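Chain by chain, the residues run as shown.
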4 protein chains.
Amino acid sequence: MSSFGTLFRVTTYGESHCKSVGCIVDGVPPGMQLTEADVQPQLSRRRPGQSKLSTPRNEKDQVHIQSGTENGLTLGSPIGMLVANEDHRPHDYSETDLYPRPSHADYTYIQKYGAKSASGGGRSSARETIGRVAAGAVAEKFLKLANGVEIVAFVSSIGKVSMDRNPESPEFQKILNTITREEVDETGPIRCPDASVRDLMVKEIEHYRDSKDSIGGVVTCVVRNCPVGLGEPCFDKFEATLAHAMLSLPATKGFEFGSGFLGTAIPGSKHNDPFYHDETTGRLRTTTNFSGGVQGGITNGENIYFSVAFKSAATISQEQSTATYDGKDGVLAARGRHDPSVTPRAVPIVESMVALVLADQLLIQKSREFSRSIVSK
Amino acid sequence: MSSFGTLFRVTTYGESHCKSVGCIVDGVPPGMQLTEADVQPQLSRRRPGQSKLSTPRNEKDQVHIQSGTENGLTLGSPIGMLVANEDHRPHDYSETDLYPRPSHADYTYIQKYGAKSASGGGRSSARETIGRVAAGAVAEKFLKLANGVEIVAFVSSIGKVSMDRNPESPEFQKILNTITREEVDETGPIRCPDASVRDLMVKEIEHYRDSKDSIGGVVTCVVRNCPVGLGEPCFDKFEATLAHAMLSLPATKGFEFGSGFLGTAIPGSKHNDPFYHDETTGRLRTTTNFSGGVQGGITNGENIYFSVAFKSAATISQEQSTATYDGKDGVLAARGRHDPSVTPRAVPIVESMVALVLADQLLIQKSREFSRSIVSK
Amino acid sequence: MSSFGTLFRVTTYGESHCKSVGCIVDGVPPGMQLTEADVQPQLSRRRPGQSKLSTPRNEKDQVHIQSGTENGLTLGSPIGMLVANEDHRPHDYSETDLYPRPSHADYTYIQKYGAKSASGGGRSSARETIGRVAAGAVAEKFLKLANGVEIVAFVSSIGKVSMDRNPESPEFQKILNTITREEVDETGPIRCPDASVRDLMVKEIEHYRDSKDSIGGVVTCVVRNCPVGLGEPCFDKFEATLAHAMLSLPATKGFEFGSGFLGTAIPGSKHNDPFYHDETTGRLRTTTNFSGGVQGGITNGENIYFSVAFKSAATISQEQSTATYDGKDGVLAARGRHDPSVTPRAVPIVESMVALVLADQLLIQKSREFSRSIVSK
Amino acid sequence: MSSFGTLFRVTTYGESHCKSVGCIVDGVPPGMQLTEADVQPQLSRRRPGQSKLSTPRNEKDQVHIQSGTENGLTLGSPIGMLVANEDHRPHDYSETDLYPRPSHADYTYIQKYGAKSASGGGRSSARETIGRVAAGAVAEKFLKLANGVEIVAFVSSIGKVSMDRNPESPEFQKILNTITREEVDETGPIRCPDASVRDLMVKEIEHYRDSKDSIGGVVTCVVRNCPVGLGEPCFDKFEATLAHAMLSLPATKGFEFGSGFLGTAIPGSKHNDPFYHDETTGRLRTTTNFSGGVQGGITNGENIYFSVAFKSAATISQEQSTATYDGKDGVLAARGRHDPSVTPRAVPIVESMVALVLADQLLIQKSREFSRSIVSK
């Protein structure tokens, strides 16, 4: 379904060529200052056409709040938001009527629905993420007010060029501790804070762009100042809902948090994060953070960090040998210019989804704290 | 919460030292043959104490069906199942009353609940997975009847010893195409089908066991004969619910499917899976399967394969420097003998969770197929 | 929250004075013909200002489909729909800033949210029901295609003037068997098919209108051609979800189905509906229908009929002694002209909600039928 | 499905002749004193065989807590509870294999599931309510601690004998204000606090018992000290979830709250509840309470009161002319002795369901209060 969340819930609508795309955000706290100016920045960061590294289409993507605010304050009622699609005529994509595009959703859509939108990617289009990003901006504003939560994502690999994401690396941990969204954006459209690999990443993308090809990458994200106690011990572990959120993004192939896949080779004696008493916060903290801020499914107040793998974009500007819907071998012609790497644009989308997870889990946990406080009186 | 699924739903209860652990499975089709004999095998595969590689505790774990069947046939009503805890007195674990065990859920539980079970891991204990495995066995029986679905998981890495999981490797794809559960079990408690690394894995575990340490690993799983069309295009993409399921398992740190993290470096021109007409099935198939059986969030009928990272077990048989709950530095003494690697035991648990995801998505998709068939008449 | 349904789900947004009100309808079958022309009729029936019996405000309420259709056919993706609010400036209702209006949601909103929309009823405004009616029209179209389902609601009482709703009355059962929506509308704005009380009802409304007062009433609804087997035996009994839907409508105070409250005095020997073999349908039917088409929470194929009580509208055109927010006694002045009875306008809203319940339950049941067919092969 | 609630959730299992019936209660606050002694009293009040007015079967119904508590305190983890079925052999009900019992769930079950339990009512059996009552007792304990919530239900009509339930009656309102559970029980098995009709009710039941017939009735319930602000303005209005809960009980035919169906004839000028400043509580209260404690879907702190209609029991001790499953006319013989009126036994079941609704809504509202407090700082 098109909804995500229990007490803070987003529902999205829209595909690439309909009248508008948008969302309803339910469970937003009342009395919070909110205007389009709070939502637009992340939408603009998500927008394609910002550099020669990404697709030159220019979608203006201005958000319009429909409901749920009055005089710049939220009412506690659902926030309806929409972004008009500038060109909402179904294109005349005659060839894609013959061919299911390889590794797109065309074939599976036809199988599932017996129908697909005549052009573009329908619901699996990246355009659907506009609703998520708009909702995420609202969630993020709330989280900042609630606990000073900071969420910063960045590109950590492009193709074979990768930052050192080894959880034991002090440099990596330092970046997680300090990186800001402003610093990420200052690195330009590549959005990689590591100067030692940044130019190589740009070259990697340019190489594939010039080859009429595409290349994947990894986005890493850190959450600082996350409250202790979010997440549930069983099916709704914090990392489980986070993984759900991330793998619901188009083009994702993997998720790891804390020490991740590499961490499976670190023995328990080292991987276990020892506790110490932190004088500043007055509570227990850990000297290392292989756990990635979550233990037993519940946040422990340390940095939450995780990485998401994005595959090479399926749309490429070269011919591909494949088959038609009715099973004839053929060659799908190249068409137009396309984004050689979607990974940098995924940065604000990843931030938005983690904000949605956090806002929902925070609301749930607050009811748990209440119920606990009652019975222990 | 303790429930998972929409139309095929499991709810679990129980922790390590209460009277029993178990589950309620809701949405089981009526008229299906089902007795304890269908459920016990996977519970027995999950059971610890099966070899010198795992913990010597012997929990007998006999399942008792409470409801939902009559004369060996399901009624369509919820299946209640329970497994008694043999020793349900809370242990006298005086030291763990002083220390939150590093990288266990002790600290986060106390923060969240203000309480924790006096011993063992409470709900984050691996014992909670009994309910999941029992429910998964029911789901798997249904899937086998519905589409001949085959689910086989195996150990693909232990510590630094790893099978070749490169998605481009023909050997890896061959294993995915052919491996059976019987073959996995014939490899002994290590549950690794790759003879070239199996003994090294055993040695790796023995090494850490002898060092009173623990080591992590990766479980890889393949689903064959999955129907086309499962999963939804947006928040409930097939891989998103699968990731949710896997990261809800204790000790998991990552999930990847299809080409996964490695696949981010494979350019689109190669990563795109070309279609061809398959004469046997009469439908389009793909010549490669970097997509891992899912495109646009929806299954395409190819093998679904994915890997799950399990961290090194937090319980180790050596002293650890850490802090007490009230912030004093100290050393948490070693105690008892523990499982040096939980990864091999995770094999049936991973299989169970994927069965639960599939059964639920299959039921949902069948209602979609109905609704589509109606309006297109 | 603002969502209703599991597999066929509506999410609404909007209050009386924001930019627009609308909804997202998720789970709509693909390939169904759908344009605004399918949705507008029920919205127009819901619209106020249709006669001197209702409020003279004229809201045009033209619906605009935003997404989910292409070339007049549904895509299987969410249908976004919106209706602009013509006057979306918050009014200058100075008095209602001082007084919580008696039996409105003002006081409870302020208590719950600490905020309320400056004018009108916010989310408890009848204007919120626009999203439900638009979604209900989509559901109804599907139900008609799926099973020829007919849904007809009508006014059965206004104040003390009531049709005979005794379940033992042959006249009442005859109306339930035959009444059409066209016949209801032909009775004029009162929407009561019983000529013997219709004029008295109109007089009753006129009496209260002339007294600057308001009066409540009852809407009765029948569903014909409902498939057998909808609903679940326990918490999601068909009548339970139906009651949920009806009591979620503004101004409702009660719900009864089948023999209802009166039926509690009919002894079992008479109340039990005997079975007989029906040659036309080839299945068992019942000679009476005190059950109201549902037995054990599951539809049996007989007519579903139920009634919903609507209280007298809280907005009246006379002064009311009450207290200000800060606790001072005072008199809330009358203001404007208001609808003396909302009951007739509730007719299409009741129809819409029952359609939403039915569409969702039908999709759920179809997955049950599939699972049963599989295992019994 | 067999689950109810969002943050405080019960899932039940079991039918009349399986090994046990029971439930899992999820979301119970940690640190609360809880033993079987807290749960047993309501189970015992629910138990049949307590007087000559009800069925003489004696089910002992001792509850056993399986999980979620330690040393008499809740852990915050799910509470598993079970009650053994004493006789869990499927009976040899040969006749009910031929006949769908009129107004039972036999026919609809067979249609829906293609199977039914060989005897008794399966999931539609009143025995399923054991899980609800056990869960409700836990909820009620929490509510008492949280706000001193008092829930008292009683029989308000049997057949044609009825208490005065007119919302304008001062006597009725006085009963609602003062009645205690102890006073209800002191009236004997009839559970009616109104001495003027009590004996007539008993006679009514005896009359139908002696006629081998059954008779229905109404249970009225009041909730005192309910916190302000529970419920949501749209689909999850407090009264909507309450109606859902009540109509999910076996044998129910209707629900009304506050002024109910009678209130539709009270004009707005009288029905509107004027506010006044209450010195004791320091907040606004209303001089009348036609609203029944809920306005705009949200509780206002006044008494919540509502009534639930229970039909005459379908099981009667006399012959009934009906048809066999395969469509032949016939007479279903009488068998055994049966409860002539289930209404008095429904009293604790109604109390349990309202407690489940309240506990869930209270947890949800507490997260809303938190989020509001954050942003308005």
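Residues numbered from 1 in each chain as written. Chains lettered and ligands numbered in written order. Predicted model: local features only at pLDDT ≥ 70, side-chain atom pairs only at ≥ 80, totals over all residues. Heavy atoms only, no water.

K.L.:
Explain the sheet that holds strand 10 (residues 217–224) of chain B to me, please; I cannot follow it from the model alone.
P.N.:
As a general point, the strands of a sheet are linked pairwise by backbone hydrogen bonds and lie either parallel or antiparallel. Read across the sheet, 10 strands follow the order 9(A)-8(A)-10(A)-16(A)-11(A)-11(B)-16(B)-10(B)-8(B)-9(B) without closing on themselves; strand pairing throughout is antiparallel. In the strand order of this sheet, the two ends are held by strand 9 (161–162) of chain A together with strand 9 (161–162) of chain B, each with one partner. The sheet contact formed by strand 8 (residues 150–158) of chain A and strand 10 (residues 217–224) of chain A spans 8 bridges and is antiparallel. Bridge pairing in strand 10 of chain A links A:Glu150 to A:Arg224. Contacts between helix 7 (residues 195–210) of chain A and the sheet are confined to strand 8 and strand 9 of chain A, with strand 8 of chain A contributing the most and set at about 60° to the helix. Docked against the sheet, helix 10 (residues 343–375) of chain B engages strand 8 (150–158), strand 10 and strand 16 (304–310) of chain B, running at close to 145° with respect to strand 8 of chain B. (Pairing = 2+ DSSP bridges. Helix = DSSP H or I, 4+ residues; strand = E, 2+ residues; numbered from the N terminus. Contact = heavy atoms within 4.5 Å. Axes fitted to C-alpha atoms, helices over the stretch in contact; angles between N-to-C directions.)

K.L.:
Would you mind going over the interface of chain D and chain C with me for this structure?
P.N.:
A common way to express how large an interface is: the accessible area buried when the components associate. The partner chain C presents 108 residues to the 108 residues of chain D that form the contact. Buried surface at the junction of chain D and chain C, both sides included, amounts to about 8000 Å², of which 59% is carbon and sulfur. Among the residues of chain D in contact with chain C, D:Lys112, D:Phe235 and D:Lys253 are the three that bury the most area, contributing 12% of the side total. Summed over the shared surface of chain D and chain C, the number is 0 salt bridges. (Buried area = accessible area lost by both parts, 1.4 Å probe. Salt bridge = Lys/Arg side-chain N within 4 Å of Asp/Glu carboxyl O.)

K.L.:
When you look at the relation of the copies chain A and chain D in this model, what are you seeing that I'm missing?
P.N.:
A rotation about some axis, followed by a shift along it, carries one copy of the chain onto the other. Of the two same-sequence chains, chain A is brought onto chain D (RMSD 0.0 Å, axial shift 0.0 Å) by a rotation of 180°. Both copies are brought into coincidence by an operation consistent with a two-fold rotation axis. For chain A, the smallest separation between a C-alpha atom and the rotation axis is recorded for A:Ser367, amounting to 2.4 Å. Both copies contact each other with a shared surface, as 100% of the interface residues of chain A are interface residues in chain D too. (Least-squares fit on C-alpha atoms with pLDDT ≥ 70 in both.)

K.L.:
Just to check I follow, could you spell out the packing of helix 8 (residues 238–247) of chain C against helix 8 (residues 238–247) of chain D for this structure?
P.N.:
Geometrically, a packed helix pair is captured by the angle between its two axes and the distance between the axes. Where helix 8 of chain C contacts helix 8 of chain D, the two axes come as close as 7 Å, and the packing angle between them is 160°. Compared by their axis directions, helix 8 of chain C and helix 8 of chain D come out roughly antiparallel. Here helix 8 of chain C runs over helix 8 of chain D; the crossing is right-handed. Touching C:Glu239, C:Ala240, C:Thr241, C:Ala243, C:His244 and C:Leu247 of helix 8 of chain C are D:Glu239, D:Ala240, D:Thr241, D:Ala243, D:His244 and D:Leu247, all from helix 8 of chain D. Among the residues forming the contact of helix 8 of chain C with helix 8 of chain D, the class breakdown is 6 nonpolar, 4 polar and 2 charged. (Parallel < 35°, antiparallel > 145°, perpendicular 65-115°, else oblique. Left-handed = near helix turned anticlockwise from the far one by under 90°. Nonpolar A, V, L, I, M, F, W, Y, C, P; charged D, E, K, R; others polar.)

K.L.:
So what exactly am I meant to see when it comes to the packing of aromatic side chains here?
P.N.:
Taken as a whole, this structure holds 30 aromatic pairs over all chains when the rule is applied. For the pair B:Phe370 and C:Phe142, a centre-to-centre distance of 6.4 Å together with 70° between the ring planes defines the contact as edge-to-face. On the criterion of chain membership, the pair formed by B:Phe370 in helix 10 and C:Phe142 in helix 4 (residues 129–147) is interchain, its members lying in two chains. One residue, B:Lys253, lies across the ring of A:Phe257, its end atom 4.1 Å from the ring centre. (Phe/Tyr/Trp six-rings, centres within 6.5 Å; stacked < 30°, edge-to-face > 60°. Lys NZ or Arg CZ within 6 Å of the ring centre and 35° of its normal.)

K.L.:
Can you help me understand the interface of chain A and chain D in this one?
P.N.:
Tallying the contact residues gives 21 residues for chain A and 21 residues for chain D. Summed over both partners, the interface of chain A with chain D buries about 1900 Å², with 75% contributed by carbon and sulfur atoms. Per-residue buried area on chain A facing chain D is highest for A:Leu7, A:Phe370 and A:Val375; these three make up 29% of the total on that side. For the interface between chain A and chain D, the tally reads 0 salt bridges. One can count 4 residue pairs in polar contact (both at pLDDT 80 or more) joining chain A with chain D. Mapped by element, the contributors of at least two residues to the side of chain A that touches chain D are helix 4 (129–147) and helix 10 (343–375) of chain A. The greatest single-element share of the side of chain A that touches chain D, amounting to 11 residues, is contributed by helix 10 of chain A. Counted by class, the side of chain A that touches chain D contains 13 nonpolar, 5 polar and 3 charged residues. (Polar contact = N/O pair within 3.5 Å; in protein donor to acceptor, adjacent residues only side chain to side chain.)

K.L.:
Hey, could you run me through the relation of the copies chain D and chain C in this one?
P.N.:
The two copies are related by a screw motion: chain D maps onto chain C through a turn of 180° and a shift of 0.0 Å along the axis, at an RMSD of 0.0 Å. Mapped onto chain C, 100% of the interface residues of chain D are again interface residues, and the two copies thus contact each other with one and the same surface.

K.L.:
Where do I start with unusual backbone geometry in this structure?
P.N.:
Peptide bonds are trans in most cases, and residues, glycine excluded, mostly fall at negative phi. Residues and elements named next belong to chain B. Phi at Asn 225 is positive, roughly 65°, even though this residue is not glycine. You can see Asn 225 is positioned in the loop between strand 10 and helix 8 (238–247). For Asn 225, a relative accessible area of 39% puts it in the partly exposed group. (Buried < 20%, exposed > 50% of the residue type's maximum accessible area, 1.4 Å probe, protein only.)

K.L.:
Help me understand the environment of B:Leu7 in this model?
P.N.:
Mapped onto the elements of the fold, B:Leu7 is located in the loop between strand 1 (3–4) and strand 2 (9–13). For B:Leu7, a relative accessible area of 2% translates into the label buried. Along the sequence, B:Leu7 and B:Asp360 sit 353 residues apart, while their C-alpha atoms lie 5.6 Å from each other. Filtering out sequence-adjacent residues up to four positions away, B:Leu7 remains in contact with B:Asp26, B:Gly27, B:Asp360, B:Leu363, B:Ile364, C:Leu7, C:Ile364, C:Ser367, C:Arg368 and D:Met1.

K.L.:
Help me understand the sheet that holds strand 3 (residues 20–26) of chain C, please; the structure alone is not making it clear to me.
P.N.:
Residue and element names in this part refer to chain C. With antiparallel pairing, the 5 strands of this open sheet are ordered in space as 1-2-3-7-4. For this open sheet the edge positions go to strand 1 (3–4) and strand 4 (63–65), each flanked by a neighbour on one side alone. Pairing geometry for strand 3 and strand 7 (residues 79–84), over 6 bridges, is antiparallel. Of the residues in strand 7, the one forming a bridge with Ser 20 is Ala 84. Running over the sheet, helix 1 (residues 36–46) touches strand 4 and strand 7 and is turned about 150° from strand 4.

K.L.:
Before we go on, may I ask you to explain the state of the cysteines in this structure?
P.N.:
In a disulfide, the sulfur atoms of two cysteines are held together by a covalent bond. This model, assessed by the stated rule, comprises 0 disulfides over all chains. The structure places no disulfide on D:Cys234, whose sulfur is separated from the nearest cysteine sulfur, that of C:Cys23, by 11 Å. (Disulfide = S-S within 2.5 Å.)

K.L.:
Is there a simple way to think about helix 4 (residues 129–147) of chain B in this case?
P.N.:
An α-helical turn contains 3.6 residues, so a residue and the one three or four places further along point in the same direction. Residues and elements named next belong to chain B. Counted at 1.5 Å a residue, the expected span for helix 4 with its 19 residues is 27 Å, and the 26 Å between its end C-alpha atoms agrees. With 15 of its 19 residues buried, helix 4 lies for the most part within the structure. Looking at the residues trailing helix 4, positive phi occurs at Gly 148, about 65°. (Expected span 1.5 Å × (residues − 1).)

K.L.:
In this structure, what is going on with the pattern of salt bridges? I would like to understand it.
P.N.:
Pairing between side chains of opposite charge can happen when their charged atoms approach one another. Residues and elements named next belong to chain C. If you walk through the whole model with that rule in mind, you get 76 salt bridges over all chains. Arg 165 is the partner of Glu 256 in a salt bridge, and the nearest nitrogen-oxygen pair spans 2.6 Å. Placement of the pair is Glu 256 in strand 11 (residues 252–257) and Arg 165 in the loop between strand 9 (161–162) and helix 5 (170–178), with a sequence separation of 91 residues. In this structure Glu 256 comes out as buried when scored by relative accessible area, which is 10%.

K.L.:
Honestly, the environment of A:Leu75 in this entry has me stumped. Any pointers?
P.N.:
All names here are of chain A. Relative to the elements of secondary structure, Leu 75 occurs in the loop between strand 6 (73–74) and strand 7 (79–84). With relative accessibility at 9%, the residue Leu 75 sits in the buried group. Placed 174 residues apart in sequence, Leu 75 and Leu 249 show a C-alpha to C-alpha distance of 30 Å.

K.L.:
Would you mind showing me how to read helix 1 (residues 36–46) of chain A here?
P.N.:
Within helix 1 of chain A the residues assigned to the buried category are A:Val39, A:Gln40, A:Gln42, A:Leu43, A:Arg45 and A:Arg46. On its buried side, helix 1 of chain A packs onto strand 4 (63–65), strand 7, helix 4, helix 6 (181–186) and helix 10 of chain A.

K.L.:
Looking at this structure, I do not really get the pairing of strand 10 of chain B. What am I missing?
P.N.:
As a general feature of sheets, a regular strand has side chains that alternate between the two faces. All names here are of chain B. Among the 8 residues in strand 10, 8 count as buried, and that is most of the element. Of the two faces of strand 10, the one lined by Gly 217, Val 219, Cys 221 and Val 223 and the one lined by Val 218, Thr 220, Val 222 and Arg 224 are each fully buried. Sheet topology places strand 10 next to strand 16; 7 bridges connect them, and they run antiparallel. By the bridge assignment, Val 223 is partnered in strand 16 with Ile 304.

K.L.:
Could you clarify how one ought to interpret the nonpolar core in this entry?
P.N.:
The nonpolar side chains of a soluble globular protein tend to be buried with one another. Counting 357 residues, the largest nonpolar core has A:Phe306, B:Phe306, C:Phe306 and D:Phe306 as its most contacted members. For C:Phe306, the residues in contact, after removing those within four places along its chain, are C:Val219, C:Thr220, C:Cys221, C:Leu242, C:Met246, C:Phe255, C:Glu256, C:Phe257, C:Val350 and C:Val354. (Core = buried A, V, L, I, M, F, W, Y, C linked by side-chain atoms within 4.5 Å.)

K.L.:
Even after reading the chapter, I still don't get the pairing of strand 7 (residues 79–84) of chain D, so can you show me in this structure?
P.N.:
Residue and element names in this part refer to chain D. Most of strand 7 is tucked away: 5 of the 6 residues are buried. Here strand 4 (residues 63–65) runs beside strand 7; their pairing, made up of 3 bridges, is antiparallel. The residue bridging His 64 from the neighbouring strand is Leu 82, located in strand 7.

K.L.:
What should I look at first to understand the environment of B:Gly216 in this one?
P.N.:
With respect to the helices, strands and loops of the structure, B:Gly216 is situated in the loop between helix 7 (195–210) and strand 10. Residues B:Gly216 and B:Ala323 lie 107 residues apart in sequence; the distance between their C-alpha atoms is 24 Å. For B:Gly216, the residues in contact, after removing those within four places along its chain, are A:Thr264, B:Ser157, B:Ile158, B:Gly159, B:Phe310, B:Lys311, B:Ser312 and B:Thr343.

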